[in-house]
Amino acid sequence: MECISPEDLMLDIKFVRENPDAIDTAMANRQTSWDREKFFELDDERRAVITEVEELQATRNAESKKIGALMKEGKKDEAEAAKEAVRAVNEKIDGLAERRTALEQEQYDFMSHLPNIPCEATPYGKDEDENIERRRWGTPREFDFDFKPHWDLGTDLDILDFERGNKLSGSRFTVLGGAGARLERALINFFLDTHTSRGFKEWWPPIVVKRQTMFGTGQLPKFEDDAYHVSGDNFLIPTAEVVLTNLHAGEVLDADTLPRRYTAFTPCFREEAGSAGRDTRGIIRQHEFDKVEMVKFAKPEESDEELESMTAEAEFLLQQLGLPYRVISLCTGDLGFSARQTYDIEVWLPSYNAYKEISSCSNCGDFQARRANIKYRDAENFKGSRYLHTLNGSGLPAGRTMAAILENYQNADGTITIPEVLRPYMGGLEKIEPVA
């Protein structure tokens, strides 16, 4: 990876340097820590090296000017001595340049592992048990028969095949058949049609990306164990957030084009290395799954409003599907690595007798923009360019939505009523029934 100055990456290094107590508090609120002593050791030495190089360059320039004058005066020996002094200074500068490069790489690596700073709107809490519920929509269904979990419903209807998924690829892979495959496709098209009709631009991006692309959104280096590494130094994306955000990596956007609202369907791939034993049954936690993602690029002063509208967009999908859900604010101890504020939307799943996450909408502030070097210019309000804010949210994952539909729309005879908004995408089919 090309070494880029830490001044332009991750957290604002100037802010960290001038506000270490604030970083102490932010990391403590996140239930983690940082090596404050190491940061200043690296930062002080790097700055000292820069200062020494500047002083040596001044010395070299002064000695270089002497050489010409001495030669004109016929002072050849003194001129040769001055040349030797310049050569010695150049050697020192070269050595310090190597040291500076090494220090910047070390500081770059150090900073790349620091998570984003939670904003004031993010509530303090130690873990997921201290997240705060904001609102609910819909009422969980009360069944007058013994309801089944989606993995049994799908198997009985021959639309989910876990055994063949395991045969083909291993655990946490599933084959969809018949109406199950069509329902997956219907959900994806419904999500995309909804988003694109409401101001989102659709993209069809690649799903194999470079290491730097994964770094830009914060998946690397911290979460490399959860990523699928393919040929060369490439990765399968864990979410379309990675590709949509990095579409503008290294670019400067015009202020009058913001906010930009993007959406894309992609397969997503996750090793789930840190979730052994969690949600192993059914299609809640798979290594490969389909998801429609939303990403936004916004001016800093508009990003909070854009987070609210993005969350409302994901809620709108669930409302159209008639699926009960709740919205929670993630606390500081449960906040994702790149986020400064996050709303999770949790859909009601009868098999769990609980709400389970189906969408996560986050405002990342300028955290990802610094890593991917995405800026905007606004000539009317400031000179030059500044980092913009990025946001992302699920809108929605097809698999978890399918699980919620199967469970919430099941009938006593084992059939599944198809939500009305999906019927046009299902060729008018109103129920999923066993195939004779």
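Residues numbered from 1 in each chain as written. Predicted model: local features only at pLDDT ≥ 70, side-chain atom pairs only at ≥ 80, totals over all residues. Heavy atoms only, no water.

Draft legend 1. Structural context of the nonpolar core. One finds Leu187, Phe191, Leu318, Leu321 and Leu422 to be the most contacted residues of the largest nonpolar core, which totals 46 residues. Listed by contribution, the elements that provide at least two residues to this core are α7 (179-196), β10 (288-298), α10 (303-321), β11 (325-329), β12 (341-349), β13 (354-363), β16 (389-397) and α12 (398-408). Of the residues forming this core, the biggest block, seven residues, is contributed by α7. Once residues within four sequence positions are removed from consideration, phenylalanine 191 is found in contact with Val292, Leu317, Leu321, Gly395, Leu396, Pro397, Ala398 and Thr401. (Core = buried A, V, L, I, M, F, W, Y, C linked by side-chain atoms within 4.5 Å. Buried < 20%, exposed > 50% of the residue type's maximum accessible area, 1.4 Å probe, protein only. Helix = DSSP H or I, 4+ residues; strand = E, 2+ residues; numbered from the N terminus. Contact = heavy atoms within 4.5 Å.)

Draft legend 2. The arrangement of the sheet that holds β13 in detail. Reading across the sheet, the eight strands line up as β1-β11-β12-β13-β16-β10-β9-β4 and stay open at both edges, with mixed pairing between neighbours. Of all strands in the sheet, those with a lone pairing partner are β1 (132-137) and β4 (201-203), marking the two edges. Averaged over all pairs of adjacent strands, the angle between strand axes in this sheet comes to 25°, irrespective of strand direction. Examined bridge by bridge, β4 and strand β9 (residues 260-269) share three bridges and lie parallel to one another. Across the sheet, glutamate 202 pairs through a bridge with threonine 263, a residue of β9. Against the sheet, α10 engages β1, β9, β10, β11, β12, β13 and β16, with an angle of about 5° to β16. Running at roughly 40° to β16, α12 makes contact with β10, β12, β13 and β16 of the sheet. (Pairing = 2+ DSSP bridges. Axes fitted to C-alpha atoms, helices over the stretch in contact; angles between N-to-C directions.)

Draft legend 3. View of the environment of leucine 114. Looking at the secondary structure, you find leucine 114 in the loop between α4 (76-112) and β1. Separated by 61 residues in the primary sequence, leucine 114 and valine 175 have C-alpha atoms spaced 39 Å apart. For leucine 114, the residues in contact, after removing those within four places along its chain, are Leu11, Met27, Trp34, Phe337 and Phe367.

Draft legend 4. Up close: the packing of α7 against α10. In the contact formed by α7 and α10, the axes pass within 11 Å of each other and the chain directions differ by 130°. Between α7 and α10, the crossing angle belongs to the class labelled oblique. Crossing hand, α7 versus α10: right-handed. Of α10, the residues touching α7 (which contributes Leu187, Phe190, Phe191, Thr194 and His195) are Glu313, Phe316, Leu317, Gln320 and Leu321. When grouped by side-chain class, the residues that make up the contact of α7 with α10 number six nonpolar, three polar and one charged. (Parallel < 35°, antiparallel > 145°, perpendicular 65-115°, else oblique. Left-handed = near helix turned anticlockwise from the far one by under 90°. Nonpolar A, V, L, I, M, F, W, Y, C, P; charged D, E, K, R; others polar.)

Draft legend 5. Quick peek at helix α2 (residues 20-29). All of the buried residues in α2 are Pro20, Ile23, Ala26 and Met27. Seen along its axis, α2 keeps its buried residues to an arc of 115°; they face one direction. Looking one or two residues beyond α2, the residue adopting positive phi is glutamine 31, at roughly 65°. (Arc of directions from axis to C-beta.)

Draft legend 6. The environment of glycine 178, seen in detail. Here glycine 178 lies in the loop between β3 (175-176) and α7. Expressed as a C-alpha distance, the spacing of glycine 178 and phenylalanine 316, which sit 138 residues apart in the sequence, is 28 Å.

Draft legend 7. Examining the packing of α7 against α12 more closely. Running from N to C, α7 and α12 cross one another at 115°; their axes reach a closest spacing of 10 Å. Between α7 and α12, the angle falls in the class roughly perpendicular. Every pair of crossing elements has a handedness; the one defined by α7 and α12 is right-handed. Counting all contacts with α7, which are made through Gly180, Leu183, Glu184, Leu187, Ile188 and Phe191, the residues of α12 involved are Ala398, Gly399, Thr401, Met402 and Ile405. The residue makeup of the contact of α7 with α12, split by class, is seven nonpolar, three polar and one charged.

Draft legend 8. Main features of unusual backbone geometry. Along the chain, leucine 220 connects to proline 221 via a cis peptide bond; the corresponding omega equals 5°. Inspection of the secondary structure puts proline 221 in the loop between α8 (211-216) and β6 (228-230). Omega for the peptide link from leucine 258 to proline 259 comes to 0°, which places this bond in the cis form. One can find proline 259 in the loop between β8 (252-254) and β9. Backbone geometry places glutamine 31, a non-glycine residue, at a positive phi of 65°. Summarising the element assignment, glutamine 31 is placed in the loop between α2 and α3 (36-72). The phi angle at arginine 172 is positive, at roughly 65°, despite the residue not being glycine. Since its relative accessible area comes to 13%, arginine 172 is described here as buried.

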